[in-house]
Amino acid sequence: MEGKAGYEELKKTIDYHMNRYYNEDAPEISDYEYDQMMLELKAMEREHPEWVTADSPTQKIGGSAKREAGVEVTHHIPMLSIQDVFSKEEIVDWVEKVRQVYPDALFSVEEKIDGLSMSLRYQDGRLILAETRGNGMVGEDVTQNALVIPDVVKSLDIPGYVELRGEVYMSLEDFDRFNEEQENAGKKPAANPRNLAAGTLRQLDSVVVRQRGLKMFVFNVQDAYDNGVSDLMGSHTDALDLLSAKGVAVVPHTRCAAAEEILDAIDAIGEGRGTFGHDIDGAVVKIDQIAYRADFPAGSKYSAGHIAYKYPPEEKEVVIDQIEVNVGRTGKMTFRAIFEEPVRLCGTNVQKATLHNVDFIQSLGVSEGCRAICRKQGEIIPAIVRVTQKTAHPYEAPDVCPVCGAPLVREEDTCDIYCVNPSCPAQLKRTLAYFVGKDAMDIKNFGSRHIESLVEEGYLHTVADIYSLRQYREELIKKGILGKEKNTDRILSAIEKSKENEASSLLTGFAIRNVGRISARSIMRHYHSLWELADASAEELTALPDVGEITARSIRSFFAEEKNRELLRRLEEMGVNILSGESPDTAGSKPLAGLTVVVTGTLEHFGRKEIAAFIEENGGKCTGSVSKKTSFLVAGENAGSKLDKAQSLGIPVITEEELVRKCQS
């Protein structure tokens, strides 16, 4: 077979063998035979470049085409949010309003899957485009990644144009598997399934997408025409049932008539959410008759004819077996409740919960052996919210450090107790780990296990000792404390390079109470060196923006101690930079000088820490919450409540790209 027909036949043959090799791990031909076919295909495409399409095997990596980053798509139908309600009374009121206009209205109650939205466009049964939600009007083309999601059907047995909308998510099983693999590799685990799913869908290599395992539920027919299938745009539940019969994974749904049925369906979802294989963040109620929906708008940013009920935070009763006391890097005691048995909360197994401080423990009546209610605050952090059965023995705060045995001191006017022994091993290890960490001196490949070994072997007593390690190179290699020769030299080189860091990084590394990375950068804009800061008075410090009395007192207390001034002298002698790279004059000339910026949503080119650093490097201040003092909001994909608040306050909203242009102008 020759010509275009022969070309298409060869593509099909190679695709078949690609699938056998990459997806089924069962190749039928040798690598040589496969390579010869690819060479033949490439030769045909060089001769006829007009034949080449995105699905050609020559355009694929590892059996799947590589996605091109940043290709924007204007939505055919806007991908809007759903208005949230937080009480069942609001649901009943909404249902009654709909029934007043359309007495025959029916409703669909569905799980609100906690993932990210994606639309699928089909033309004459073939998937032609998959797009993310983006800002609701413009999204990103993720077609190549969608093709490797098993739940996304590649061909749909429906003619004409069909547009489906669904939620891409990661199952709890796949999420746990990913985190286990990350931990085994010594890498940082993902925070939650939703964030991991969002990052995975936007990967450039679809092989990674396939490996991580994404799933999708279709929850809406956005549009359909020229197909002669009336059910698709008539009854919503009929449309879902039709799609399900054709092999589409659709969201679990229940058709209801009366308000009581709707509330029962919502309760059923709520009661089962701890047993689902995926996370949900509510239940959605939709008008079943699609034609009725347009008469019930909820504003320009919300889909008409829908509401979403948000469940109260999930709670479970636990028995507290032990109150665990740990020492933080600043010497502060931290407290955690350890349960007799783990409980399932918001899709994860939980056996520990924060207890904040001694006053919190005693005010709630928490003690070992009591029964209490645990809840995930913000659906993330497990915490004890109340005690249901107290014991006869109230909890007594420790009076000595659990690690070194030194007396504990309660800080004036606070609930916090501290170990003030500077040689406390727990403090030393945490202080050193913080010093070398990314937020401070950022010494690459220098992990906490290296710190522990070096402290236990007697090499490290203060942070300055880190810069003396080079003289022990042969010993370290022989003992394998930092690894073999190559890894030891890599870490020693990173230590040497860190001497060139900004003075604010060193200030951060000192772990002065209330002085973090952002505040350290802000403070060092006003001083030429750390010695100038060390000699500054409390009055001078409190006159600086964002430095209050407590922070000023912490800085003064730190540099008032001779051992800390000696530490600074020693670091300076070793060549560690203590000079600020900018004066107040140069800081004021930067493009974001004097501006307060908030970032929300998922960005394409920056992580959260990287974007904060970028803003600060350009003279701005990056904060976590929107207020009237916010200069502008940088909004990425899937921006949430911060975007809503910024818009309500009239605060300018810009994209990641606009921020970069602003800083380059």
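Everything that follows concerns the structure shown earlier in this document.
Since this is a predicted model, take the numbers as computed values, not measurements.

The helix and strand inventory of the chain stands at 24 helices and 24 strands. Seen through its C-alpha atoms, the chain measures out along the principal axes to roughly 85 × 70 × 50 Å. Scored against the burial criterion, the 665 residues of the chain give a buried share of 48%. A fraction of 66% describes how many contacts in the chain between residues 6 or more apart in sequence connect residues 24 or more apart.

A separate point is the sheet that holds strand 13 (residues 306–309). Spatially, the 5 strands line up as an open sheet ordered 4-13-12-5-11, and their pairing is mixed. Looking at the sheet topology across the chains shown, the edges are occupied by strand 4 (84–85) and strand 11 (253–256). Pairing analysis gives 2 bridges linking strand 4 to strand 13, with the strands arranged parallel. Across the sheet, V85 pairs through a bridge with Y309, a residue of strand 13. Of the strands in this sheet, strand 4, strand 5 (107–113), strand 12 (280–287) and strand 13 touch helix 3 (residues 88–101), which is tilted by about 165° from strand 13. The strands that helix 9 (residues 259–272) touches are strand 5, strand 11, strand 12 and strand 13; relative to strand 5, the one it contacts most, it runs at about 20°.

This paragraph deals with the packing of aromatic side chains. The full count for this structure, using the stated rule, is 13 aromatic pairs. Taking the centre distance of 6.2 Å and the plane angle of 65° together, the rings of Y102 and F296 count as edge-to-face. Here Y102, found in the loop between helix 3 and strand 5, pairs with F296, found in the loop between strand 12 and strand 13; they are 194 residues apart in sequence, far enough to count as distant. Take F296: its relative accessible area is 12%, and that puts it in the buried class. Ring geometry for Y161 against Y225: centres 5.0 Å apart, planes inclined by 20°, an arrangement best described as stacked. Pair noted here: Y161 is in strand 9 (residues 161–169) and Y225 is in strand 10 (residues 215–225), with a separation of 64 residues, a long-range link.

One open sheet holds the 4 strands; their spatial order is 22-21-23-24, and the pairing between them is parallel. Two strands in the sheet have a free side with no partner beyond their single neighbour: strand 22 (621–623) and strand 24 (653–654). Here strand 21 (residues 596–600) runs beside strand 23 (residues 632–635); their pairing, made up of 4 bridges, is parallel. Looking across to strand 23, one finds that V598 is bridged to L633.

Further remarks concern the pairing of strand 12. A regular strand places its side chains on the two faces of the sheet in alternate fashion. Among the 8 residues in strand 12, 7 count as buried, and that is most of the element. Sheet topology note: the strand 5/strand 12 ladder contains 6 bridges and is antiparallel. Looking across to strand 12, one finds that E111 is bridged to A283. The pairing of strand 12 with strand 13 spans 4 bridges and is classified as antiparallel. Residue pairing across strands places V285 opposite I307, the latter belonging to strand 13.

What follows is about the packing of helix 22 (residues 608–617) against helix 24 (residues 656–664). Where helix 22 meets helix 24, the axes come as close as 11 Å, and the angle between the chain directions of the two elements is 25°. Relative to helix 24, the element helix 22 lies roughly parallel. Helix 24 is crossed by helix 22, and the crossing has left-handed handedness. Residues I611, F614 and I615 of helix 22 pack against L659, V660 and C663 of helix 24. For the contact of helix 22 with helix 24, a count of residues per class yields 6 nonpolar, no polar and no charged.

Moving on, we get to unusual backbone geometry. Most of the time, phi is negative for any residue but glycine, and the peptide bond is trans. Even without a glycine there, the phi angle at D442 is positive, about 50°. Turning to its location among the elements, D442 is positioned in the loop between helix 11 (425–436) and helix 12 (448–456). The class for D442 is partly exposed, based on a relative accessible area of 30%. Unlike most non-glycine residues, N445 shows phi in positive territory, near 65°. Structurally, N445 is set in the loop between helix 11 and helix 12.

Glancing now at the pattern of salt bridges. Tallied over the entire structure, the rule returns 32 salt bridges. One salt bridge connects K444 with D442, and the closest N-O pair in it is separated by 3.1 Å. Given a relative accessible area of 47%, K444 falls into the partly exposed group. For E562, the salt bridge identified is with R569, shortest N-O distance 2.4 Å. Note on R569: relative accessible area 28%, which makes it partly exposed. Because the salt bridges share partners, they merge into one network encompassing D174, R177, E181 and K215.

The grouping of E89, E90, D93 and E96 at the surface amounts to a negative patch. Along the chain, D93 falls in helix 3.

All right, on to helix 5 (residues 172–184) then. If you check helix 5, its first and last C-alpha atoms are 18 Å apart, about what 13 residues at 1.5 Å a residue would give, namely 18 Å. The set of residues buried in helix 5 consists of L172, D174, F175, F178, N179 and Q182. In a view along the axis of helix 5, the buried residues occupy a sector of 160°, so they form one face of it. When the buried face of helix 5 is taken as reference, the exposed residues oriented beyond 90 degrees from it are E173, E180 and N184. On its buried face, helix 5 sits against helix 6 (193–201), helix 7 (206–212), strand 10 and strand 15 (333–345).

Turning our eyes to something else, we now look at the side chain of K11. Along the chain, K11 falls in helix 1 (residues 3–23). Non-local contacts of K11, meaning those with residues more than four positions away in its chain, are made with L41, T53, D55, S56 and P57.

The next thing to look at is the environment of K11. Residue class for K11 comes out buried when judged on its relative accessible area of 7%. Between the alpha carbons of K11 and P57 there is a distance of 6.6 Å; along the sequence they are 46 residues apart.

Right, let's talk about the nonpolar core for a bit. Grouped together as the largest cluster of nonpolar side chains are 68 residues, with contacts concentrated most on M118 and L243. Of all hydrophobic cores here, the second largest spans 51 residues; its members include V463, L482, A503 and L506.

Attention now goes to the side chain of D223. By secondary structure assignment, the location of D223 is in strand 10. Summary of buried charges: D223 has no salt-bridge partner, and the nearest side chain of opposite charge, R121, is 9.3 Å away. Within the local environment of D223, its side chain forms a polar contact with the side chain of H76, the two groups lying 2.8 Å apart. Once residues lying within four places of it in the same chain are set aside, the contact partners of D223 are H76, I77, Y161, V162, E163 and M233.

On to helix 9, then. Between its terminal C-alpha atoms helix 9 stretches 20 Å, which fits the 20 Å expected from 14 residues at 1.5 Å a residue. Among the residues of helix 9, those classed as buried are A259, I262, L263, A265, I266, I269, G270 and G272. Of the surrounding elements, those touching the buried residues of helix 9 are helix 3, strand 5, strand 11, strand 12 and strand 13.

Procedures and definitions
Residues numbered from 1 in each chain as written. Predicted model: local features only at pLDDT ≥ 70, side-chain atom pairs only at ≥ 80, totals over all residues. Heavy atoms only, no water. Helix = DSSP H or I, 4+ residues; strand = E, 2+ residues; numbered from the N terminus. Buried < 20%, exposed > 50% of the residue type's maximum accessible area, 1.4 Å probe, protein only. Contact = heavy atoms within 4.5 Å. Pairing = 2+ DSSP bridges. Axes fitted to C-alpha atoms, helices over the stretch in contact; angles between N-to-C directions. Phe/Tyr/Trp six-rings, centres within 6.5 Å; stacked < 30°, edge-to-face > 60°. Parallel < 35°, antiparallel > 145°, perpendicular 65-115°, else oblique. Left-handed = near helix turned anticlockwise from the far one by under 90°. Nonpolar A, V, L, I, M, F, W, Y, C, P; charged D, E, K, R; others polar. Salt bridge = Lys/Arg side-chain N within 4 Å of Asp/Glu carboxyl O. Patch = residues over 30% accessible without salt bridge, like charges linked within 9 Å, V, L, I, M, F, W, Y side chains within 5 Å. Areas by Shrake-Rupley, 256 points an atom, 1.4 Å probe, with all protein chains shown as cover. Lys, Arg positive; Asp, Glu negative; His and termini not counted. Charge placed at Lys NZ, Arg CZ, Asp CG, Glu CD. Expected span 1.5 Å × (residues − 1). Arc of directions from axis to C-beta. Core = buried A, V, L, I, M, F, W, Y, C linked by side-chain atoms within 4.5 Å. Polar contact = N/O pair within 3.5 Å; in protein donor to acceptor, adjacent residues only side chain to side chain.

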